[in-house]
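Summary of structural features
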Amino acid sequence: MVKNHLKIAFRNIIKHKSFSVINIVGLAIGIACSILIFVFVAHELSYDKYHEKADRTYRIAVRASIGDTKINQTYSSSETFRRLLEDFPEIETGVKFLDVGRTPITMGEETFYESRFFAVDSTFFDVFSIPLIQGDPKKVLADPNSMVMSEDTALKYFGTTDAVGKILRADFSYGPGSTDFEITGVSENVPVNSHFHYDLLASSATFPTFINNTGWSSNNFITYVVLKEGTTQVWFDEKLKKFTRKHMGAERFDAWVAKGNFWEYFLQPITRIHLTSDLNGEFEANGNETYIYIFSAISIIILLIACINFMNLSTAKSSLRAKEVGMRKVVGSGRSRLVFQFLSESVLLSYIALALGIGIFLVLFPLYENLIGKQLNIPYLDSFVVIPLVLAFGLIVGVISGSYPAFFLSSFKPIAALKGNKSMSKGGSWLRNILVIFQFTISIFLIIGTLAVNQQLKFFQNKQLGFDKEQVLVINNPGSLSNTVNPFKEELRKYSSIIDVSGSNTLPGRSFSNIGFGAEGVEESFTLNLCVCDYDFLDTLKLEMVQGRFFSKEFTTDSHAAVLNEKSAELLGWEDPIGKKINNWASKKGNFVVIGVIKDYHYESLHQEIRPQALFLSGGYYTNVERYISVRLNTENISGTIKHIESKWKEFAPQMPFEYSFLDQDYDNLYMNERQTRKLFSIFSFLAIFIACLGLFGLASFIADQKTKEIGIRKVLGASVTRIVKNLNKSFLKWVLIANLIAWPIAWFAMNRWLENFAYRIGLSWWMFVLAAVLAVFIALLTVSFQTVKAALKNPIDSLRYE
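Read on for a plain summary of the structure.

About the cut-offs
- Residues numbered from 1 in each chain as written.
- Predicted model: local features only at pLDDT ≥ 70, side-chain atom pairs only at ≥ 80, totals over all residues.
- Heavy atoms only, no water.
- Core = buried A, V, L, I, M, F, W, Y, C linked by side-chain atoms within 4.5 Å.
- Buried < 20%, exposed > 50% of the residue type's maximum accessible area, 1.4 Å probe, protein only.
- Contact = heavy atoms within 4.5 Å.
- Phe/Tyr/Trp six-rings, centres within 6.5 Å; stacked < 30°, edge-to-face > 60°.
- Helix = DSSP H or I, 4+ residues; strand = E, 2+ residues; numbered from the N terminus.
- Lys NZ or Arg CZ within 6 Å of the ring centre and 35° of its normal.
- 1 Å grid on protein atoms, 1.4 Å probe; cavity = no way out; pocket = protein on both sides within 12 Å on 5 of 7 lines; lining within 4 Å.
- Points joined across faces, edges and corners; volume = space filled by probe spheres on them.
- Nonpolar A, V, L, I, M, F, W, Y, C, P; charged D, E, K, R; others polar.
- Patch = residues over 30% accessible without salt bridge, like charges linked within 9 Å, V, L, I, M, F, W, Y side chains within 5 Å.
- Areas by Shrake-Rupley, 256 points an atom, 1.4 Å probe, with all protein chains shown as cover.
- Salt bridge = Lys/Arg side-chain N within 4 Å of Asp/Glu carboxyl O.
- Pairing = 2+ DSSP bridges.
- Arc of directions from axis to C-beta.
- Axes fitted to C-alpha atoms, helices over the stretch in contact; angles between N-to-C directions.
- Parallel < 35°, antiparallel > 145°, perpendicular 65-115°, else oblique.
- Left-handed = near helix turned anticlockwise from the far one by under 90°.

So, the nonpolar core
Counting 105 residues, the largest nonpolar core has Tyr368, Phe537, Phe551, Leu615 and Phe684 as the members making the most contacts within it. For Phe684, the residues in contact, after removing those within four places along its chain, are Cys33, Leu36, Ile37, Ile298, Ile302 and Tyr368.

This is the structure in structure tokens:
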């Protein structure tokens, strides 16, 4: 029986080639898209779950409010960690990370700059399950000047993973200075689905100044704890709320809170960091849980559209098989057997489409990875359940897609079926109409969503930031110049194609130190983001003064001067801040006279509002070595100018590599998630619309065939081709217009919710909805007109002879 059903199924596929091809291709594309999205979603959800203690591992984070300043950060102090271990016996173990910054590492005559370089406690491998290729996890980071490197880093430096006992020199611009490290371990590379990655790990014992610091405000570390079995996050968080009060002093803390302030530590589950955390001090750019929901929904929607096409076309061509159904019923076939027959055909088509879809997925997967800029793990690939799951998936899709057509076809009455009564096909018309409306509702929603995402990104690109990020080359390793930084900058200024040169410890789009301050006439302390820069920072970034002046070589007192942004002046309630003083709150030292106010500029991403900032002169009270040199270029011969800068670099630092980037590219990287969303949204929207159009094309073909004689009679009676095409297209146009009415409010609500993620955002404009409607109508008419025009142009004699 099964063999017979398969034979009939194959015959029907061959007999109705166009319907079969549309069904298989549409379903295959739908399956391929769904698998691609599933792999992305599964990858994003898998972050940090590979750790043995992942379910008990948490990051200690801080949320606080001091005056009008809001703080949300990953950083805490070494003293905080010590007191947590003392106060909470529920902590099994923990580890601190210290980002040592971009550091030159030398082996023999070669020097490399390493950015993923951290100092960590000896307990690192007790917390994180990253296997060691060489070394004892209990001992590799126990002693000062010991170092663990990743597999790839070992290959880069030594050409082998047999690196234990070898020596590397790190040249720090602070603390231990130039230090030799012995390689005590080599680990496997950190998996791609981790919220942090490292190339080098040094023992934190090498940095006693940092780890022995007892100051609560020295927030230099990112701390993780593993809770003992049976300790819940909710219970621990409740205890943490009392932690600050205990160590600050109950009376002082209560008075501080009464004024609207607070400082609170809380736990972040390690498996939730990638998708839910966006704090100051993240190791890397994290994902966004909202996008997981969006793309999961798109995956289901695309598969639904493909299944709807199948149902529509199968139901539509039911009249072509009416006589077959009637004959089967006459010779004794029961309804259940007919249902099984039609479901068999549906499942067979589904498996053919599944095989084709998997092939499309495998071909597109490398391109997909390049497109989204991520290396993805294909989940469950090595699991024994993969084949049963794939087979079950094909069966489920086939049954769901073929269920209505199977029951609809098997319900035909034998006498009516043998007469070829076409009125039976009307029984499925209402469902076809609903499904087509549903398809176009989704398509219109996706068009509006794509337009909104594109406009938000365009808004980011075109918004006035308060500084000019174009044509600014950033040298990322000026620490290598040591005390020749200023002579190097002077040499660059002599070149005619260089407009300005400036040094600073940070730049827009980079991380900022956040320090507590006090001010005269202001009772409460507050925090400011710091930027330590030289005299030319204002001109190089084209910032704008609104009051007072910027740092000048003519005023030696500027070593203890400060320039505030407008937000800082507003925070302090100063209409005229010039001449007023602020001081470093923690040490009560460093009185700074405010000499100017700059116009607010977006030194952080547009996801958040501008925060208070203070600028200080490099080489004054804050003696930070300049971490970046910004060079503003003119637009002529940029490649030649870069070569000139590199040649000067080699004169001043011949042993060090010249590394640079451009400020506009660095700043635009803040919107990587949004760019990925735009790409994926655009591509999958196009594919969803394409699949819907495939179905519409097949449906138009069926309706044109069904009305062949009607068209012939109309032409004989004098109807023009235009009138016939208009009559045939009318129902499709009606469906699309109804779909617009449904899609618009849904898109309005959903995209407004998405836009709430941004402090600075566009408003949804009427033209987005109108354009989506026009595109939907145009696409629908273009799709169906090919068939309707073809039918209308037929010779009426041939039409009347049809059948």
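Some details on the packing of aromatic side chains
Scanning the entire structure with this criterion turns up 35 aromatic pairs. Between Phe40 and Phe295 the ring centres are 5.8 Å apart and the planes differ by 90°, which places this aromatic pair in the edge-to-face class. Linking Phe40 in helix α2 (residues 17–45) with Phe295 in helix α11 (residues 289–316), this pair joins segments that are 255 residues apart in sequence. Taken individually, Phe40 and Phe295 each receive the classification buried, so the pair is uniform in this respect. Between Phe124 and Tyr198, the ring centres sit 5.8 Å apart and the planes meet at 85°, which makes this aromatic pair edge-to-face. Placement of the pair is Phe124 in helix α4 (residues 124–127) and Tyr198 in the loop between β11 (178–187) and β12 (200–203), with a sequence separation of 74 residues. Take Phe124: its relative accessible area is 0%, and that puts it in the buried class. In textbook terms, an aromatic cluster arises when at least three aromatic residues are bridged by ring pairs, as seen for Phe97, Phe118, Phe124, Phe125, Phe128, Phe196, Tyr198, Tyr224 and Phe283. Here Arg63 stacks its cationic end above the ring of Phe266, 4.0 Å away from the centre of that ring.

Regarding empty space enclosed by the protein
Tallying each qualifying case throughout the model produces four cavities of 30 Å³ or more. Size it by volume and the second largest cavity reaches roughly 80 Å³. Together, Phe40, Glu44, Gly287, Asn288, Tyr291, Ile292, Phe295, Lys374, Asn673, Gln676 and Thr677 line the second largest cavity. Looking at side-chain class alone, the lining of the second largest cavity contains four nonpolar, five polar and two charged residues.

Structural notes on a nonpolar patch on the surface
A cluster of nonpolar side chains, namely Trp744, Trp766, Trp767, Val770, Leu771, Val774 and Leu775, defines an oily patch on the protein surface of about 640 Å² accessible area. In terms of residues, the nonpolar patch owes the most to one element, helix α25 (residues 766–792), which gives six residues. Within the secondary structure, Trp766 is located in helix α25. Taking relative accessible area as the criterion, Trp766 reaches 65% and is therefore assigned exposed.

What about the pattern of salt bridges?
Tallied over the full model, the rule gives 33 salt bridges. With its nearest N and O atoms 2.6 Å apart, the salt bridge here joins Lys156 to Glu114. Here Glu114 lies in strand β6 (residues 110–114) and Lys156 lies in helix α5 (residues 151–158), a separation of 42 residues in the sequence. Glu470 is the salt-bridge partner of Lys469, the closest N and O atoms lying 3.4 Å from each other.

Some remarks on the environment of Gly94
Its location among the elements puts Gly94 in strand β4 (residues 91–99). Sequence separation between Gly94 and Phe124 is 30 residues; the distance between their C-alpha atoms is 7.7 Å. When near neighbours in sequence (up to four residues on either side) are disregarded, Gly94 contacts Phe81, Thr123, Val127, Tyr224 and Val225.

A short note on the pairing of strand β5 (residues 103–107)
Within β5, five of the five residues are buried, which leaves it mostly tucked inside the rest of the structure. As consecutive antiparallel partners, β5 and β6 are separated by two residues, and within that stretch Gly108 has a phi angle of approximately 65°, a positive value. Relative to strand β10 (residues 167–171), β5 runs antiparallel, the two being bridged by two bridges. Residue pairing in the sheet places Ile105 in a bridge with Ala170 of β10.

Focus: helix α7 (residues 233–240)
In an α-helix, one turn spans 3.6 residues, which is why side chains three or four residues apart end up on the same side. Of all the positions in α7, only Phe236, Asp237 and Leu240 are classed as buried. Looking straight down α7, one finds its buried side chains confined to an arc of 100°; they lie on one side.

Looking at the packing of helix α17 (residues 485–493) against helix α20 (residues 638–652)
Here α17 crosses α20 at 150°, and the two axes come no closer than 10 Å. Of the possible angle classes, the one that applies to α17 and α20 is roughly antiparallel. Judged by the sense of rotation from one axis to the other, the crossing of α17 with α20 is right-handed. Residues Pro487, Phe488, Glu491 and Leu492 of α17 form the contact with α20, whose participating residues are Ile645, Lys648, Trp649 and Phe652. Residues of the contact of α17 with α20, tallied by class, amount to six nonpolar, no polar and two charged.

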